[in-house]
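Remarks on the overall topology
Chain residues, written in single-letter form:
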Amino acid sequence: MNSENEPKRCLGCGVILQEENILQEGYITSLENDICQRCFRMKNYGEYQVVTKSNEEYIEILKNVGRTKDLVLYITDLLNLEEDFNSIRSILPNKMILVLNKKDALPKSVKEKKLIKYLEDMKIQVEEVIVISCAKNYNIDYLLKRIKYYQTSKNVYVVGHTNAGKSSLINKLIQNYSNNPQELTMSPLPSTTLNTVNIEINEYLTLIDTPGLLDDGNIIDYVDINTMKKIVPNKEIKPRTYQVKVQQTLFIDNLVRLDIEDNNNLTFYISNMLEVERTFKDIDKLKDLKKYELDVKKDNDIVISGLGFIKCTNSGHITLYTLDKVLIYIRESLI
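Not measured: the values here are computed from a predicted model. (Residues numbered from 1 in each chain as written. Predicted model: local features only at pLDDT ≥ 70, side-chain atom pairs only at ≥ 80, totals over all residues. Heavy atoms only, no water.)

1. Regarding the nonpolar core
Put simply, the rule reads: The term nonpolar core refers to a set of buried residues drawn from Ala, Val, Leu, Ile, Met, Phe, Trp, Tyr and Cys, joined through side-chain atoms within 4.5 Å. Only protein chains enter the accessibility calculation, which uses a 1.4 Å probe; a residue whose area is less than 20% of its type maximum is buried, one above 50% is exposed, and one in between is partly exposed. Any pair of residues with heavy atoms lying within 4.5 Å of one another is described as a contacting pair.
Of all hydrophobic cores here, the largest spans 39 residues; its most connected members are L92, L98, L100 and L119. Each residue touching L92, except ones within four places of it in the same chain, is listed here: L62, V65, G66, V72 and V159.

Laid out in structure tokens, this is it:
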């Protein structure tokens with residue numbers, strides 16, 4: 001409930017509601033409404049209005065979270081694990097559960113224990129690592145039990161990068177365990193949540209959603225909406241493996257070019273809607289994109305932020321071309 005002195009905020013994205021300027025965020029036709037026009041049109045018509053926010057604004061919000069002693073749920077996407085998890089600790093020293101979301105996007109053969117061990121081996125300073133799937137309602141009961149175990153007050157903050165599934169998780173917790181009719185606005189696009197949003201699950205638990213941290217290197221930020229819809233998996237991905245015996249070139253749609261110089265087996269963990277094309281011809285397609293020279297070792301992953309990853313069975317040299325500013329890095333194989 002808002003006090004008389006507090007501005008009314010959108011229940012979908014947390015922005016302050018206003019009816020003076022249709023061009024500014026938070027616009028509504030009447031202050032009796034509970035969600036802004038932007039959230040209304042996103043929920044009902046799938047329309048997305050771009051809102052430009054900086055990470056500095058969001059980090060200030062997280063710094064305020066760090067000044068509390070409340071439990072934090074840090075949500076991350078299993079297909080797009082961040083390169084450096086511990087950097088968030090400089091902002092958030094709170095007790096933290098690392099929640100690995102979107103288990104449903106990985107093949108069923110991928111074992112949960114292996115994923116947890118992989119993260120634990122990275123020496124991330126968290127209370128516990130938990131694998132979930134909001135889409136399949138997987139492990140949500142267990143997560144709630146662990147929230148109750150670790151929480152230091154009624155308030156529990158939910159943080160993470162854009163498109164990690166924070167709002168999906170909160171909506172699932174509302175659906176499973178609460179009579180609260182509130183529903184957060186969900187979209188695969190960045191800057192859906194604009195400020196903190198409080199959601200009371202029950203008398204013992206209030207979840208506080210925070211804006212998703214913007215990933216400057218995420219490929220989703222540099223493509224049109226139709227391409228974005230192809231990139232974000234909507235069901236379990238089917239890994240595609242290519243045996244390279246001679247110099248070959250592989251393309252992922254019009255987004256990535258890989259020139260393979262050494263014998264290797266490459267397995268692509270990307271959306272099924274993205275086309276992978278192989279050619280033996282010396283062509284110039286996508287050579288105008290940003291170029292990366294990569295030396296991979298046996299059982300390394302090439303991670304393309306926002307797109308997924310490519311497992312390399314053998315060591316060798318690969319020249320990769322992709323969109324400017326997209327983050328590329330190499331890690332030990334996740335799978």
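Don't stop here, the text continues.
2. Let's talk about the confidence of the model for the chain
Which entries qualify depends on this criterion: The predictor's confidence in any single residue is recorded as pLDDT, a number from 0 to 100.
Looking at the chain as a whole, its pLDDT mean stands at 85, while 87% of the residues score no less than 70. Note on residues 186-193: pLDDT is under 50 here. Beyond four places in sequence and across chains, it has 38 contacts.

3. Some details on the sheet that holds strand 3 (residues 128-131)
Filter applied, for reference: Strand pairing follows a simple DSSP-based rule, namely that at least 2 bridges must link the two strands. The secondary structure listing takes helices from DSSP runs of H or I that are at least 4 residues long and strands from runs of E that are at least 2 residues long, numbered from the N terminus. Structural elements are reduced to axes, namely lines fitted to C-alpha atoms, with helices fitted over the stretch in contact, and the angle between N-to-C directions of any two is expressed from 0 to 180 degrees.
Strand order in the open sheet formed by six strands is 3-2-1-4-6-5, with mixed pairing between adjacent strands. Each end of this open sheet is capped by a strand with a single partner; those strands are strand 3 and strand 5 (197-202). Averaged over all pairs of adjacent strands, the angle between their axes in this sheet comes to 25 degrees, without regard to strand direction. Relative to strand 6 (residues 205-209), strand 5 runs antiparallel, the two sharing five bridges. Considered in strand 6, the bridge of E200 is made with T206. Across the sheet, helix 3 (residues 112-121) is in contact with strand 2 (96-101) and strand 3; its angle to strand 3 comes to roughly 145 degrees.

4. Digging into the packing of aromatic side chains
For the record, the criterion: When the centres of two rings from Phe, Tyr and Trp lie within 6.5 Å, Trp using its six-membered ring, the rings pair. Their planes under 30 degrees apart give stacked, over 60 give edge-to-face, and anything left gives tilted. Note on criteria: charge over ring means Lys NZ or Arg CZ within 6 Å of the ring centre, with the direction from the centre no more than 35 degrees off the ring normal.
Applying the stated criterion across every chain, the model contains four aromatic pairs. Considering the side-chain rings of Y74 and F85, the 6.3 Å spacing of their centres and the 75 degrees angle between planes classify their relative orientation as edge-to-face. Highlighted residues: Y74 in strand 1 (residues 71-77) and F85 in the loop between strand 1 and strand 2, separated in sequence by eleven residues. Each member of the pair Y74 and F85 is classed as buried. Here the basic side chain of R146 rests over the ring of Y149, its NZ or CZ set 4.6 Å away from the ring centre.

5. Quick look at unusual backbone geometry
With a phi close to 60 degrees, K123 is a non-glycine residue in the positive phi region. Backbone geometry places N139, a non-glycine residue, at a positive phi of 70 degrees. The residue N139 is located in the loop between strand 3 and helix 4 (140-150) in this model.

6. Focus on the sheet that holds strand 9 (residues 256-260)
Taken together, the five strands give an open sheet; going across it, the order is 11-8-9-15-12, and neighbouring strands pair in antiparallel fashion. The strands lining the two open edges of the sheet, one partner per strand, are strand 11 (276-279) and strand 12 (290-296). In this sheet, adjacent strand axes meet at a mean angle of 20 degrees when their direction is disregarded. Examined bridge by bridge, strand 8 (residues 248-252) and strand 11 share four bridges and lie antiparallel to one another. When the bridges of strand 11 are listed, T249 appears paired with T279.

7. Looking at the pairing of strand 2
Among the six residues in strand 2, six count as buried, and that is most of the element. As paired strands, strand 1 and strand 2 are joined by six bridges and run parallel to one another. Bridge pairing in strand 2 places I75 opposite V99. Where strand 2 and strand 3 come together, four bridges link them in parallel fashion.

8. Quick look at the environment of V326
Along the chain, V326 falls in the loop between strand 15 (316-322) and strand 16 (328-332). Each C-alpha atom of the pair V326 and D216 lies 7.6 Å from the other, and the pair is 110 residues apart in sequence. The residues contacting V326, other than those within four sequence positions of it, are G217, I219, Y222, Y292, I304 and S305.

9. A closer look at the side chain of D301
Our working rule: N or O atoms within 3.5 Å of each other form a polar contact, as long as, within protein, one can give a hydrogen and the other can take it, and as long as residues adjacent in sequence are counted only when both atoms are side-chain atoms.
Along the chain, D301 falls in strand 13 (residues 300-304). Within the structure, the side chain of D301 is placed 3.4 Å from the side chain of S333, a separation counted as a polar contact. When near neighbours in sequence (up to four residues on either side) are disregarded, D301 contacts F309, I310, K311, Y329, I330, R331, E332, S333 and L334.

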